[in-house]
Amino acid sequence: MTTPADSTVLSSHTSTSTSPGTLAPTDAPVAPEAPVARTTATPSAARRTVHYALHTTRMTVTDVPFMVFTIALPVGMYLLFSMMFGDEADGQARGMIMINMAAYGGLGAAVTAGTKIQEDQRNGFLRQLIVAGLSPRSFLAGSILAASAVIIPALAAVGLVGLVSGVEAAPTAFLATLAVLWLGLLPTILVGLVLGMVLKGGAAMAGGVVTMMAMAIFGGLWMPLEMFPTWMQSFGHAIPTYWISSLGEWALYGTSFPLTGVAVIGAWTAALALLCTVSMSRAVGLSRR
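For the structure given in this document, a descriptive report is provided here.

What counts as what
Residues numbered from 1 in each chain as written. Predicted model: local features only at pLDDT ≥ 70, side-chain atom pairs only at ≥ 80, totals over all residues. Heavy atoms only, no water. Helix = DSSP H or I, 4+ residues; strand = E, 2+ residues; numbered from the N terminus. Buried < 20%, exposed > 50% of the residue type's maximum accessible area, 1.4 Å probe, protein only. Contact = heavy atoms within 4.5 Å. Areas by Shrake-Rupley, 256 points an atom, 1.4 Å probe, with all protein chains shown as cover. 1 Å grid on protein atoms, 1.4 Å probe; cavity = no way out; pocket = protein on both sides within 12 Å on 5 of 7 lines; lining within 4 Å. Points joined across faces, edges and corners; volume = space filled by probe spheres on them. Nonpolar A, V, L, I, M, F, W, Y, C, P; charged D, E, K, R; others polar. Salt bridge = Lys/Arg side-chain N within 4 Å of Asp/Glu carboxyl O.

**Remarks on the overall build of the protein chain**
- Check the secondary structure of the protein chain and you find 13 helices and zero strands.
- Traced from its N-terminal end to its C-terminal end, the protein chain shows the element sequence α-α-α-α-α-α-α-α-α-α-α-α-α.
- Taken over 289 residues, the protein chain has a buried fraction of 42%.
- Considering only intrachain contacts with a sequence separation of at least 6, the fraction spanning at least 24 residues in the protein chain is 76%.
- Counting only carbon and sulfur atoms, one obtains 68% of the accessible surface of the protein chain, whose full area is about 15900 Å².

**Observations concerning empty space enclosed by the protein**
- On inspection of all chains with the given rule, the structure shows one cavity of 30 Å³ or more.
- By volume, the largest cavity amounts to about 30 Å³.
- What lines the largest cavity is simply Phe69, Thr70, Pro74, Tyr104, Gly105, Gly108, Ala109 and Met212.
- Contributing elements (two or more residues each) for the lining of the largest cavity: α3 (64-85) and α4 (92-115).
- Considering each element in turn, the lining of the largest cavity owes the most residues, four residues, to α4.
- Of the residues in the lining of the largest cavity, the class split is five nonpolar, three polar and no charged.

**What about unusual backbone geometry?**
- With a phi angle near 55°, Ala89 is a residue other than glycine that sits in the positive phi range.
- Along the chain, Ala89 falls in the loop between α3 and α4.

**Thoughts on the pattern of salt bridges**
- Under the defined criterion, the tally for this structure stands at one salt bridge.
- One salt bridge connects Arg94 with Asp87, and the closest N-O pair in it is separated by 3.0 Å.
- Among the residues examined, Arg94 registers a relative accessible area of 13% and is labelled buried.

So this is what it looks like as structure tokens:
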């Protein structure tokens, strides 16, 4: 039996348990929290370019036949020509042979690495890159960076063999020679890229080999340009490889700076860059179909 006093206590207890500010029972349902959205930053164009360049460089330098061709061949030719003609001009001919064979090795690496873009088109890798968001400009920039990197082993190998075999050069002159050869080879990279985008399948590689040999012969890398007829000498003065060798001679022996050669290399670079852009637009259009 409930007394009036008990009723007062119950009423007070009920009022206290439901009054505002009191804690809800622990078994009351709790509303779930809204999920926090996770956002992933989109890689910048520069980062994508670097990633593609590193990937391409790694794939190229692990291609054993490619590395043997671009290093062993020019080193062997340097040793052969050096034994035959190296003592001429009080030994200065050996330094010129080193310059020319280093330029030849870099030329082979540049053109061949550039034509490898055809493989990316043929196996659908270019299409995957475009779908993944890599712009044509980034693709071209990455290809140029990768080809520029694979030139270095060929230049360094011939240069070091030259120093060991008797080429006399101060460290600064030797490094400057390799640097100007590396910079001067830029248009030859673009030649390889154009061939890779214009020619199809094995024709790109074959075209690269023919172009490389023609630029080496007419540029005076295998033999002095003065041994050729006048018309061939004029043609040789109009292509970059002759002036790449002249830049190396300037850096190693302090001859007059080939200002005309810089203009020729610059003109080839500008024209080939434009041709690369047009060819890349065409290649991207075909890849998107």
